[in-house]
Amino acid sequence: MFDVICKDCGTGYTSKVNKNGLCEVCRARHIAETKRNYYINKRKEHNKAVKDTLTYCEKCGKLIAPKSGTSGGLCETCQLLKEQKYKTKNTIRYRKEHYDCIQFKVAKGERDKLRKYAEERGMNLAEFVRTSMEFYMETHK
């Protein structure tokens, strides 16, 4: 074993080889910094490569520069439309599975009057109709 001096912090430590290197603390810090810098640079290179690649939107044909590799080949507008369609489809499926639908017709202008009346009482139109029906059923047993 040899007594050597750390190149980084200047403290003495014992080593198996007779040459100055890094102590355990400085070595661990150096390895962590090297790994961090590697991943940062790798990410920068990947982003630069992706941004330098111009492609065409698969739906509308507009020339786009993708922001990431996961953009799916769609421009921002088409991507938003795709997400909206997906959300709408899931909402429709959820409503079919969890709700029953009742539709009825009212005279022109009546809907707005009913909605205003319901809002004055802190309800939406569906809650108002539901509570009105419950009240009617309770009073006419």
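Okay, so let's go over this structure. (Residues numbered from 1 in each chain as written. Predicted model: local features only at pLDDT ≥ 70, side-chain atom pairs only at ≥ 80, totals over all residues. Heavy atoms only, no water.)

**Comments concerning the packing of aromatic side chains**
Right, so step 1: By the definition in use, this model includes three aromatic pairs.
Right, so step 2: Seen from their ring centres, Tyr38 and Tyr39 are 5.2 Å apart, and the 75° between their planes marks the pair as edge-to-face.
Right, so step 3: Under the relative-accessibility criterion, Tyr38 is labelled partly exposed at 48%.
Right, so step 4: Measuring from ring centre to ring centre gives 5.5 Å for Tyr117 and Phe128, while their planes differ by 70°; the resulting arrangement is edge-to-face. Of this pair, Tyr117 sits in helix H3 (residues 110-120) while Phe128 sits in helix H4 (residues 125-139), and the two are 11 residues apart along the sequence.
Right, so step 5: Here Phe128 falls in the buried class, since its relative accessible area comes to 14%.
Right, so step 6: Directly above the aromatic system of Tyr117 lies the positively charged group of Arg121, at a separation of 3.5 Å from the ring centroid. (Phe/Tyr/Trp six-rings, centres within 6.5 Å; stacked < 30°, edge-to-face > 60°. Buried < 20%, exposed > 50% of the residue type's maximum accessible area, 1.4 Å probe, protein only. Helix = DSSP H or I, 4+ residues; strand = E, 2+ residues; numbered from the N terminus. Lys NZ or Arg CZ within 6 Å of the ring centre and 35° of its normal.)

**A look at the pairing of strand S2 (residues 12-15)**
Right, so step 1: Burial along S2 is one-sided: the face carrying Tyr13 and Ser15 is buried and the face carrying Gly12 and Thr14 is not.
Right, so step 2: Here four bridges tie strand S1 (residues 2-5) to S2, and the two strands are oriented antiparallel to one another. Paired with Val4 across the strands is Tyr13, a residue of S2.
Right, so step 3: Joining the antiparallel neighbours S1 and S2 is a turn of six residues, in which Gly10 adopts a positive phi near 80°. (Pairing = 2+ DSSP bridges.)

**Looking at the environment of Lys108**
Right, so step 1: As for its position among the elements, Lys108 is in the loop between helix H2 (76-98) and H3.
Right, so step 2: Placed 33 residues apart in sequence, Lys108 and Lys141 show a C-alpha to C-alpha distance of 32 Å.

**Concerning the state of the cysteines**
Right, so step 1: Counted by the stated rule, this structure contains zero disulfides.
Right, so step 2: With no disulfide partner, Cys9 has as its closest neighbouring cysteine sulfur the one in Cys26, 3.6 Å distant. (Disulfide = S-S within 2.5 Å.)

**A short note on the side chain of Ser15**
Right, so step 1: Mapped onto the elements of the fold, Ser15 is located in strand S2.
Right, so step 2: Setting aside residues up to four positions removed in sequence, Ser15 forms contacts with Met1, Phe2 and Val4. (Contact = heavy atoms within 4.5 Å.)

**Focus on H4**
Right, so step 1: The terminal C-alpha atoms of H4 lie 21 Å apart, and with 15 residues this matches the ideal 21 Å at 1.5 Å per residue to within 8%.
Right, so step 2: Two or three places before Ala126, at the start of H4, stands the capping residue Asn124, its side-chain oxygen 3.2 Å from that residue's backbone nitrogen. (Expected span 1.5 Å × (residues − 1). Polar contact = N/O pair within 3.5 Å; in protein donor to acceptor, adjacent residues only side chain to side chain.)

**Digging into a positive patch on the surface**
Right, so step 1: On the surface, Lys59, Lys82, Lys85, Lys89 and Arg93 cluster together into a positively charged patch.
Right, so step 2: For Lys85, the position within the fold is in helix H2.
Right, so step 3: Residue classification places Lys85 among the exposed residues on the basis of a relative accessible area of 62%. (Patch = residues over 30% accessible without salt bridge, like charges linked within 9 Å, V, L, I, M, F, W, Y side chains within 5 Å. Areas by Shrake-Rupley, 256 points an atom, 1.4 Å probe, with all protein chains shown as cover. Salt bridge = Lys/Arg side-chain N within 4 Å of Asp/Glu carboxyl O. Lys, Arg positive; Asp, Glu negative; His and termini not counted. Charge placed at Lys NZ, Arg CZ, Asp CG, Glu CD.)

**With respect to the pattern of salt bridges**
Oppositely charged side chains are able to pair whenever their charged atoms sit close together.
Right, so step 1: Under the counting rule described, the total for this entry stands at four salt bridges.
Right, so step 2: One salt bridge in this structure joins Glu110 and Lys113, with 3.7 Å as the shortest N-O distance. Linking Glu110 with Lys113, this pair stays in helix H3, spanning three residues, or about one helical turn.
Right, so step 3: Glu120 is paired through a salt bridge with Arg121; the nearest N and O atoms lie 3.4 Å apart.
Right, so step 4: The exposure class of Arg121 is partly exposed, given its relative accessible area of 42%.
Right, so step 5: It is possible to trace a salt-bridge network through shared partners that takes in Asp8, Arg29 and Glu33.

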